[in-house]
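This is what each chain is made of:
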Amino acid sequence: MTDKEAKHFYNSKEWKEKRIDILIRDRNECQDCIVRIRKAIEEGIRLTPEDRKVRRATEVHHIQELKEHPELALVDDNLIGLCHTCHDIRHNRHTLVRRKRKKRLTEERW
Ligand SMILES: [Zn+2]
Ligand SMILES: [Zn+2]
């Protein structure tokens with residue numbers, strides 16, 4: 001699938017409806033946050049208060065990438081509701097701005 005086709009897909013009525021279906025299925029809870037918290041409990045890892053809560057799922061991620069697997073574009077099992085932060089992690093696109101800001105806060109405190 002090309003960028004253009006992907007863009008077209010994300011604008012389609014089918015996707016918009018499916019996206020809402022998935023967010024409802026996942027009860028608007030980020031599925032990666034749930035896993036992170038469950039793991040931490042099992043392994044006895046102490047989480048920061050920020051990481052201890054399940055964030056709201058606002059985005060729907062394609063587990064098998066859309067461009068690689070257009071045939072799975074609307075398959076429920078290939079879709080997962082995630083919060084913005086966990087979605088970025090899945091795509092390895094850490095928001096630099098957010099990181100920088102955190103760093104600066106620490107620096108100022110010292
Ligand atoms: Zn999350
Ligand atoms: Zn994604």
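These figures come from a predicted structure and were not determined experimentally. (Residues numbered from 1 in each chain as written. Chains lettered and ligands numbered in written order. Predicted model: local features only at pLDDT ≥ 70, side-chain atom pairs only at ≥ 80, totals over all residues. Heavy atoms only, no water.)

**Considering the overall build of the chain**
So the rule is basically this: Think of it this way: any DSSP run of H or I at least four residues long counts as a helix, any run of E at least two long counts as a strand, and we number them from the N terminus. Each residue is assigned to one of three classes by its accessible area relative to the maximum for its type, calculated with a 1.4 Å probe on protein chains only: buried under 20%, partly exposed between the two thresholds, exposed over 50%. To measure how exposed things are, a 1.4 Å probe is used in the Shrake-Rupley method; for residues, cover is taken only from the protein chains shown.
When its secondary structure is counted, the chain shows five helices and two strands. Overall, the chain shows an N-to-C arrangement of helices and strands of α-α-α-β-β-α-α. By residue count, 28% of the 110 residues in the chain fall in the buried class. Accessible area for the chain stands at about 8600 Å²; split by element, carbon and sulfur atoms hold 53% of it.

**Let's talk about the packing of aromatic side chains**
This is how the line gets drawn: Any two of the Phe, Tyr and Trp rings considered here, Trp counted by its six-membered ring, make a pair once their centres fall within 6.5 Å; the pair's planes then place it as stacked at under 30 degrees, edge-to-face at over 60, or tilted in between.
All told, the structure shown has three aromatic pairs when counted by the stated rule. Ring centres of Phe9 and Tyr10 lie 5.5 Å apart, and the angle between their planes is 65 degrees; on these two criteria the pair is classed as edge-to-face. Given the relative accessible area of 36%, Tyr10 is considered partly exposed. The interplanar angle of 45 degrees and the centroid separation of 5.2 Å between the aromatic rings of Phe9 and Trp15 together place this pair among those described as tilted. Among the residues examined, Phe9 registers a relative accessible area of 10% and is labelled buried. Here the aromatic cluster, defined as three or more aromatic residues joined through ring pairs, consists of Phe9, Tyr10 and Trp15.

**Observations concerning the environment of Cys33**
Going by this rule: Residues are treated as being in contact if the distance between any of their heavy atoms lies within 4.5 Å.
Residue placement: Cys33 occurs in helix α3 (residues 31-43). In this structure the C-alpha to C-alpha distance between Cys33 and Leu82, which are 49 residues apart in sequence, comes to 7.9 Å. Once residues lying within four places of it in the same chain are set aside, the contact partners of Cys33 are Lys53, Val54, Arg55, Cys83 and Cys86.

**Quick notes on the coordination of the zinc ion (ligand 2)**
For the record, the criterion: Here the coordinating atoms are restricted to nitrogen, oxygen and sulfur within 2.8 Å of the metal centre, or 3.2 Å for Na, K and Ca, and because water is not among them the sites may look incomplete.
His61 (ND1), His87 (NE2) and His91 (NE2) make up the full set of protein donors to the zinc ion (ligand 2), lying at 2.0 to 2.1 Å. Spacing between the donor residues of the zinc ion (ligand 2) along the chain follows H-x25-H-x3-H. Of this pair, His61 sits in strand β1 (residues 59-62) while His91 sits in the loop between α4 (84-90) and α5 (96-109); the two residues are 30 residues apart in sequence, bridging distant segments of the chain. For His91, a relative accessible area of 30% corresponds to the partly exposed category.

**Remarks on the nonpolar core**
Put simply, the rule is: We call a set of buried Ala, Val, Leu, Ile, Met, Phe, Trp, Tyr and Cys residues a nonpolar core when their side-chain atoms join them within 4.5 Å.
Among the nonpolar cores identified, the biggest contains 10 residues, and these are Ala6, Phe9, Trp15, Ile22, Leu23, Ala57, Val60, Leu66, Ala73 and Leu79. Secondary-structure elements contributing two or more residues to this core are α1 (3-10) and α2 (13-25). Setting aside residues no more than four positions away along its own chain, Leu79 makes contact with Trp15, Lys18, Ile22, Arg25, Val60, His61, His62, Ile63, Ala73 and Leu74. In this structure, Cys30, Cys33, Leu82 and Cys83 belong to the second largest nonpolar core, which totals six residues.

**What about the coordination of the zinc ion (ligand 1)?**
As a reminder of what qualifies: Sites are called tetrahedral only when four donors show all angles between 85 and 135 degrees, square planar or octahedral only when four or six donors show opposite pairs over 155 degrees and all other angles between 65 and 115, and irregular in any remaining case.
Binding of the zinc ion (ligand 1) to the protein goes through Cys30 (SG), Cys33 (SG), Cys83 (SG) and Cys86 (SG), at separations of 2.2 to 2.4 Å. For the zinc ion (ligand 1), the four donor atoms in the first shell make angles of 102 to 117 degrees at the metal, a pattern classed as tetrahedral. Of note, the donors binding the zinc ion (ligand 1) are all from one chain and are spaced C-x2-C-x49-C-x2-C. Of this pair, Cys30 sits in the loop between α2 and α3 while Cys86 is found in helix α4, placing the two residues 56 residues apart along the sequence.

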